[in-house]
Structure formats: C-alpha cells, structure tokens
Amino acid sequence: MSTVGKPITCKAAVCWAAGEPLKIEEVEVAPPGPHEVRIHILYTGICHTDEYTRSGKDPEGVFPVILGHEGGGIVESVGEGVTSVKPGDHVIPLYTAECRECKFCKSGKTNLCGKVRATQGKGLMPDSTVRFTCKGQKLHHFMGTSTFSQYTVVADVSVVAVNPKAPLERVCLLGCGITTAWGAVVKQPGIPGSTVAVFGCGAIGLGVIATSALVKASRVIAVDTNPGKEAWARKFGATDFVNPSKLPEGTRIQDYLIELTDGGLDYTFDCTGNVHVMRAALEACHKGWGVSTIIGVAAAGQEISTRPFQLVTGRTWRGTAFGGVKGRTELPGLVEDYMAGKVKVDEYVTHNRTLADINEGFHDMHDGNCIRCVVDMS
C-alpha cells in the first residue's frame, strides 16, 4: 500500500532528556510538506557531535529529540516543488544546507547557507513545525537530518542524490566527519609539498592525515596521547607520530615540533576540540606563513587564546565548517572518488551495531579502538 502523503510509523532512537541514554520508540513521521523530502534511512554513523548534544553539554540542545546526522537512505516521497531528488534516489542528508540562492551561497566565499539555519538550530523544519510524534508528544529534529530514525523528513536543500551503486553503509559517513576532513585539506591551497601536523587521531584527524597524504604533503606528523593511535595514523599516511605525554618533562608539544621541523609546520589542524590543543597547534606553525585550522568543536563557554605575537609574526588562525564543502554540489563527486579508490571510507568502520544496540555504539565511540561505528537501521 502506498505511503505517499500519509504518516509512517517506524522505530527511532529518541533522546527524551539531556544526559539520558537513547530509547527505541515507535514514532510517527508525517509526510513531507512543500520543498521537503521523506527518506528511508538505512544506515547511520555515530559522531561525537551526537554525544555532545545527548550529554547536555550543548547549550543549544533541545529535547526530546531524534539525533543523528551521518546517514544514508532512499527517498520514499517528496513534497510539492521538490525537483532535486525523486522517490527511489539514494541520498545523503546534509546538516549543512546548500540553497544556491542566499547571499552566503551566492558569495562564492563560503559553504555556509542561511536558508534554514535559524529553524534548524531550534530543532524545527523551515516552517517552524516538526514531523515527528511519539506517544502524543512532538519530537525535535537534529541538525536538519535526524538520522537515528528509520524514516526522517528533511528540507530539499538539505539532501543530495548519490551514485546508487555506492554502498550506503559506507558512504553514509560522508555526511559529516570524512568530508569535513577532506574539505579542510583540499580547500586550502599550498598543502602539496608542505609539512603538516594533525592534532588528534580520531575519525576527522585520520581523515586529515589521509587527505594530506593524498595531496602529497611532504611530511605528515600525527599527534595524539593514545599510543594505540600510532598504527592507525601510519596506516592512513602519517610519516611521523608524536605522543605529547611521552615528551621530556616540561617540554611543550609546540616547542618540540618547532625543533623537529626547523622552525615549525606549514599547516596544522586541531581535531580535538580542546582549546589548549588549539593554542599548541597554532604556536607549532612556522612564523611568517604557518596556517592553523580549527576543526574540533570546543565545549560551551570555552575560549581560545594565544599571545598576539603569534599572529603579528605572520601565522594565520582559521576555522572550517563541514570542511568548506558544498554538499549538494560536491558530495556526489566525493562519492565517485571513493568508488574509484581515491578516498578512504571503508577503513574508518571499526564497529557495527543494530538500531536496538545504538547505545552500545555510543560506548564504542568512547573506546580508543573505535574510529567509526555504523548502525544498521533495519
């Protein structure tokens, strides 16, 4: 029986309140409205951003909510006015929209889009309502995607069709971490032939390492306090591994790296979200031209600091969101690069869980041996 234009009842992992574990519930998912798309989510990754909000540390977190933003699925139905995707398309939801009409999209200077940003941040669809109901209660959306539900509804500017031959249990991960890392490197000119240091060897850090190696950086130094990450870093292309906790007492990591590289790195990347590490990454840059990029998200209320001398002597401190990637325009090409063996994706998947065991997937994420856990939503 056709479900087009009708609510769908399915299972979802609901976070009823900050700090609580997710609970598998039956939810009702309303049909898509104008310029909306309802997606049957087949697989989703678990990201630290999901945990950040679940834990209650996110000051903008709203509850109850269906989390998740690294998903892959098939379009079930579309609302009036949708032309970019159609039922049956294999798609990746996008937490960073691309409307191609707002001043941000038209500027050519950023991948940030202003079309749905205000309502998305409140856990709402663009019309300021929601599409999820459970036990008579409305549930908030998360990052415009809510991939921890077997069915979800997104804005049409927040979804992109990809090659149907690509395995969704893998390319779902391109919805966040891997793409962020890839874009942070390839969108920055000058890295080929240069020296790079990557602070933090989780999924994003490994992605930065892999992409730096791909574009042929001359040296890629991985920095992590977990000795178990050395093998991973070298597998992904690091030429060196430094454990700050093993340095001689009183030695700062930035001073060690400056000495190791004859004056500092050309490029550094913080993938930890730790403000003290962010400072170290900047100060490890070579004066005159070193560029340090912040990718990791710090906890609420945290601030970064350094001596102004670090900046007036020519270092650049910058940030990036989703790696600067325009999802609807560029993600299909990244999927093709993965299919051609140019971009690593399979190598990130260390754990697999079912929807019923999604809380165990969150525990996996805190294990130093877990790079990415993929959840089968069936």
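Residues numbered from 1 in each chain as written. Predicted model: local features only at pLDDT ≥ 70, side-chain atom pairs only at ≥ 80, totals over all residues. Heavy atoms only, no water.

Caption draft 1: View of empty space enclosed by the protein. The tally for this structure, following the rule as stated, stands at 2 cavities of 30 Å³ or more. When its volume is computed, the largest cavity comes out at roughly 70 Å³. Lining of the largest cavity is provided by Val116, Thr119, Gln120, Leu124, Met125, Pro126, His141, Gly144, Val153, Ala155 and Ser158. Residue assignment for the lining of the largest cavity shows that the elements contributing at least two residues are α3 (117-120) and β9 (151-155). Looking at the lining of the largest cavity residue by residue, the classes come out as 6 nonpolar, 5 polar and no charged. Empty space within the second largest cavity amounts to approximately 40 Å³. Surrounding the second largest cavity, Tyr95, Thr96, Ala97, Cys113, Val116, Arg117 and Gln120 form its lining. By residue class, the composition of the lining of the second largest cavity is 4 nonpolar, 2 polar and 1 charged. (1 Å grid on protein atoms, 1.4 Å probe; cavity = no way out; pocket = protein on both sides within 12 Å on 5 of 7 lines; lining within 4 Å. Points joined across faces, edges and corners; volume = space filled by probe spheres on them. Helix = DSSP H or I, 4+ residues; strand = E, 2+ residues; numbered from the N terminus. Nonpolar A, V, L, I, M, F, W, Y, C, P; charged D, E, K, R; others polar.)

Caption draft 2: Up close: the sheet that holds strand β12 (residues 219-223). Across the sheet, 6 strands lie side by side as β13-β12-β11-β14-β15-β16; this open sheet has parallel pairing. Each end of this open sheet is capped by a strand with a single partner; those strands are β13 (240-242) and β16 (316-319). Each strand of the sheet is rotated relative to its neighbour by a mean of 20 degrees, with strand direction disregarded. In this structure, β12 lies alongside β13, joined through 3 bridges in parallel fashion. Bridge assignment links Ala222 to a residue of β13, and that residue is Phe241. In the packing of helix α8 (residues 253-260) onto the sheet, the strands contacted are β11 (195-199), β12 and β13, and the crossing angle to β12 comes to about 160 degrees. (Pairing = 2+ DSSP bridges. Axes fitted to C-alpha atoms, helices over the stretch in contact; angles between N-to-C directions. Contact = heavy atoms within 4.5 Å.)

Caption draft 3: Fine view of the sheet that holds strand β2 (residues 23-29). Here 5 strands make up an open sheet; going across it, the order is β4-β1-β2-β7-β8 and the pairing antiparallel. Two strands in the sheet have a free side with no partner beyond their single neighbour: β4 (65-66) and β8 (137-139). In this sheet, β4 lies alongside strand β1 (residues 8-15) in antiparallel orientation, the contact comprising 2 bridges. Within β4, the position partnered with Cys15 by the bridge is Val65.

Caption draft 4: Geometry of the layout of surface pockets. Approximately 260 Å³ is the volume found for the second largest pocket. As for the second largest pocket, its lining consists of 15 residues, and the residues nearest its centre are His35, Lys115, Ala155, Asp156 and Val157. Per-class residue counts for the lining of the second largest pocket are 6 nonpolar, 1 polar and 8 charged.

Caption draft 5: Region of the structure containing the packing of helix α5 (residues 177-186) against helix α6 (residues 203-214). Viewed as axis vectors pointing N to C, α5 and α6 meet at an angle of 40 degrees, and their least axial separation amounts to 8 Å. In terms of orientation, α5 lies oblique with respect to α6. Judged by the sense of rotation from one axis to the other, the crossing of α5 with α6 is right-handed. Between α5 and α6, the residues in contact are Gly177, Ala181, Trp182, Val185 and Val186 and Ile204, Gly207, Val208, Thr211 and Ser212, respectively. For the contact of α5 with α6, the per-class residue count stands at 6 nonpolar, 4 polar and no charged. (Parallel < 35°, antiparallel > 145°, perpendicular 65-115°, else oblique. Left-handed = near helix turned anticlockwise from the far one by under 90°.)

Caption draft 6: Quick look at the UniProt feature "domain: Alcohol dehydrogenase-like C-terminal" (unreviewed entry) in the protein chain. Within this structure's numbering, the places UniProt gives as "domain: Alcohol dehydrogenase-like C-terminal" (unreviewed entry) are residues 203-334. Each end of residues 203-334 is marked by a C-alpha atom, and these two atoms are 17 Å apart; helix forms 37% of the span and strand 15%. (UniProt positions renumbered as here; feature names shortened; annotations may be inferred.)

Caption draft 7: Summary view of the environment of Phe269. Position of Phe269 among the secondary structure elements: in strand β14 (residues 267-270). In this structure Phe269 touches Ala184, Val185, Gln188, Ile191, Val196, Ala197, Val198, Phe199, Val208, Thr293 and Ile295, once residues within four positions along its chain are discounted.

Caption draft 8: Fine view of the domain arrangement of the protein chain. Parsing the protein chain into structural domains produces domain 1 (8-175 + 345-376) and domain 2 (181-321). When each unit is reduced to the centre of its C-alpha atoms, the spacing between domain 1 and domain 2 is 30 Å. Every contact between the two is made by 11 residues of domain 1 and, on the other side, 14 residues of domain 2. Contact between domain 1 and domain 2 buries roughly 980 Å² in total, counting both sides, with carbon and sulfur atoms accounting for 67%. (Domains from an automatic or database assignment. Buried area = accessible area lost by both parts, 1.4 Å probe.)

Caption draft 9: How the structure looks around the side chain of Asp240. Relative to the assigned elements, Asp240 resides in strand β13. On the accessibility criterion, Asp240 (18% relative accessible area) is buried. A polar atom in the side chain of Asp240 sits 2.7 Å from the side chain of Thr239. With sequence-adjacent residues up to four places away left out, Asp240 is seen in contact with Arg219, Val220, Ile221, Ala222 and Arg234. (Buried < 20%, exposed > 50% of the residue type's maximum accessible area, 1.4 Å probe, protein only. Polar contact = N/O pair within 3.5 Å; in protein donor to acceptor, adjacent residues only side chain to side chain.)

Caption draft 10: Fine view of the pairing of β14. Burial along β14 is two-sided: the face carrying Tyr267 and Phe269 and the face carrying Thr268 and Asp270 are both buried. Across 4 bridges, β11 lies against β14 in parallel orientation. When the sheet's bridge partners are listed, Phe199 is paired in β14 with Asp270. Across 4 bridges, β14 lies against strand β15 (residues 291-294) in parallel orientation. Among the inter-strand pairings, Asp270 is bridged to a residue of β15, identified as Ile294. Between the parallel pair β14 and β15, the chain is carried across by helix α9 (residues 275-283), and the sense of this crossover is right-handed. (Right-handed = clockwise from strand over helix to strand, strands pointing away.)

Caption draft 11: Broad picture of the nonpolar core. Counting 91 residues, the largest nonpolar core has Phe148, Leu174, Ile209, Phe269, Tyr348 and Ile358 as the members making the most contacts within it. Take this core: its biggest share by element is 6 residues, from β1. If you count residues domain by domain, this core takes at least three from each of domain 1 (8-175 + 345-376) and domain 2 (181-321). (Core = buried A, V, L, I, M, F, W, Y, C linked by side-chain atoms within 4.5 Å.)

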